[in-house]
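A closer look at the structure
Chain by chain, the residues run as shown.
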Amino acid sequence: MTLTAIIVEGGLFAPDLIEDLELRPDQVDGQRAQDFGPAAGTRLSDTIQNAFSLAQGLWTKFESRRLAAGDAATTVTRSAWALPFLQNALDFTDLPFQRAAQVVGGQNFPISHLAADASGAVPVHIVAFDRELDARGSDRWSPQALVQEYLNRSDALWGIVTNGRRLRLLRDTTRVTRPTYLEVDLEGIVAGGFYAEFAVLWRLLHRSRFPAEAGDAHTCLLEGWYQKGIEAGGRVREQLRVGVEKALELLGQGFI
C-alpha cells in the first residue's frame, strides 16, 4: 500500500481495508454509485473528482483567511473550511451547530455539531486549526477525548473530530489504554494534490457510510467494516494458536 495520509490506529479496521479501497474498491461493500445516494450521480469517478476540486478550492481560500485569523481561529476553521468541506464534498448536509452542550449522565459535552437532530446522532466536533487533537489545554478533555468519552456514554456509535488539518474517525469503545481511531491528513491530501488518497477518504467518510439515526448504528457501512475487522483478527489469532500448538507438539516429540 502506497498511501501515507490515512492511518488506522488500534485495529479500528482490518489492515487491508484501506488497500482494498485504493486498489480494489469494487471488492469492498458499499462502493457502487447508488450506495452513496442520489447526489453521487452515475459516474462515481466524476463525482469524486468534482469533490476533490471543490476541496482544493475551499482550502486555497481557507489558507488566506487562516493567516489573519488571530483569535477567530475556531470560527475561521469551521466556516471557511471544515463545514463547507464536510457539507459539500462529503454530503454532510445535516450539521446543525450545537449552541448548548450535550448532557449525558449529568456530564456536559460541548460537541460543536451533530449530524442530524436525533437521538444517537453522529457527533462532529470541529476545533481551531492551531489546536492539537490530543492536547487538553485548559479544557477537561482534549478534543479527541471529548468525542471519545461522549461516544462511550451516549447512544452515538461513530463520531468525527477535526481541526481542519487532521480528521479522526472514532468509535464507541471500552478500551482505555490504547487509542483507537482512523486519522486522515486533510492538509497533506488537499494541499498536496493527492487524489488517490482523497478518493479513499471520500469512499470511507462520505455521509452515507455513517448511521442516519441511532437505529441504523449497527447496520451502517462503517460498522460492517469494523465487525469484519474483528472477525479477521479472530481468524488470525486462531491460526496463530494452532501454529503454536503444532510447534509445541513437534518440540515435545523431539524430546521424546
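With respect to the side chain of Thr180
- The topology assignment puts Thr180 in the loop between β7 (166-171) and β8 (181-185).
- Among the polar contacts listed, one links the side chain of Thr180 to the backbone oxygen of Arg178, at a separation of 3.4 Å.

What about the packing of helix α2 (residues 44-66) against helix α6 (residues 195-205)?
- Put simply, α2 and α6 touch, their axes get as near as 10 Å, and they point 110° apart. Looking at the two axes, α2 sits roughly perpendicular to α6. Counting all contacts with α2, which are made through Leu44, Ser45, Thr47, Ile48, Gln49, Ala51, Phe52 and Ala55, the residues of α6 involved are Tyr195, Phe198, Ala199, Trp202 and Arg203.
- For the contact of α2 with α6, the class distribution of residues is 9 nonpolar, 3 polar and 1 charged.

Here's the deal with the sheet that holds strand β5 (residues 122-126)
- The strand order across the open sheet formed by 6 strands is β1-β8-β7-β6-β5-β4, and the pairing between neighbours is mixed. Whereas interior strands pair on both sides, the edge strands pair on one side only; in this sheet they are β1 (6-9) and β4 (113-115). The sheet shows a mean angle of 20° between the axes of neighbouring strands, direction not considered.
- For β5 and strand β6 (residues 158-162), the ladder comprises 3 bridges, and the chain directions are parallel. When the sheet's bridge partners are listed, His125 is paired in β6 with Val161.

Quick notes on the pattern of salt bridges
- Tallied over the full model, the rule gives 15 salt bridges.
- Between Arg43 and Asp46 there is a salt bridge; the shortest N-O distance is 2.8 Å.
- Given a relative accessible area of 37%, Asp46 falls into the partly exposed group.
- One salt bridge connects Glu223 with Arg171, and the closest N-O pair in it is separated by 2.8 Å. In this pair, Glu223 is assigned in helix α7 (residues 221-255) and Arg171 in strand β7, connecting sequence segments 52 residues apart.
- Of the residues examined, Arg171 reaches a relative accessible area of 11% and is grouped as buried.
- Residues participating in the shared-partner salt-bridge network are Asp134, Arg166, Arg168 and Glu183.

As for the side chain of Arg165
- Among the structural elements, Arg165 can be located in the loop between β6 and β7.
- Within polar-contact distance, the side chain of Arg165 engages the backbone oxygen of Phe129 at 2.6 Å.

Some remarks on the pairing of β8
- Across the 5 residues that make up β8, a large majority, 4, are buried.
- As paired strands, β1 and β8 are joined by 4 bridges and run antiparallel to one another. Each bridged residue has a counterpart across the sheet, and for Val8 the counterpart in β8 is Leu182.
- By the bridge criterion, 4 bridges tie β7 to β8 in an arrangement that is antiparallel. Note that in β8 the partner of Arg166 across the bridge is Asp185.

Description of the environment of Ala212
- Within the secondary structure layout, Ala212 lies in the loop between α6 and α7.
- Residues Ala212 and Ala115 lie 97 residues apart in sequence; the distance between their C-alpha atoms is 8.2 Å.
- Discounting residues that sit within four places of it in the chain, Ala212 has contacts with Ala116 and Arg207.

What about the nonpolar core?
- Phe13, Trp81, Phe85, Trp158, Leu169 and Leu204 are the most contacted members of the largest nonpolar core, which totals 62 residues.
- A total of 9 residues in this core trace back to one element, the largest contributor, which is helix α3 (residues 73-89).
- Trp81 has contacts with Ala55, Leu58, Trp59, Phe62, Val76, Gly164, Leu186 and Val190, leaving out every residue within four places of it along the chain.

Rules behind the numbers
Residues numbered from 1 in each chain as written. Predicted model: local features only at pLDDT ≥ 70, side-chain atom pairs only at ≥ 80, totals over all residues. Heavy atoms only, no water. Helix = DSSP H or I, 4+ residues; strand = E, 2+ residues; numbered from the N terminus. Polar contact = N/O pair within 3.5 Å; in protein donor to acceptor, adjacent residues only side chain to side chain. Axes fitted to C-alpha atoms, helices over the stretch in contact; angles between N-to-C directions. Parallel < 35°, antiparallel > 145°, perpendicular 65-115°, else oblique. Contact = heavy atoms within 4.5 Å. Nonpolar A, V, L, I, M, F, W, Y, C, P; charged D, E, K, R; others polar. Pairing = 2+ DSSP bridges. Salt bridge = Lys/Arg side-chain N within 4 Å of Asp/Glu carboxyl O. Buried < 20%, exposed > 50% of the residue type's maximum accessible area, 1.4 Å probe, protein only. Core = buried A, V, L, I, M, F, W, Y, C linked by side-chain atoms within 4.5 Å.

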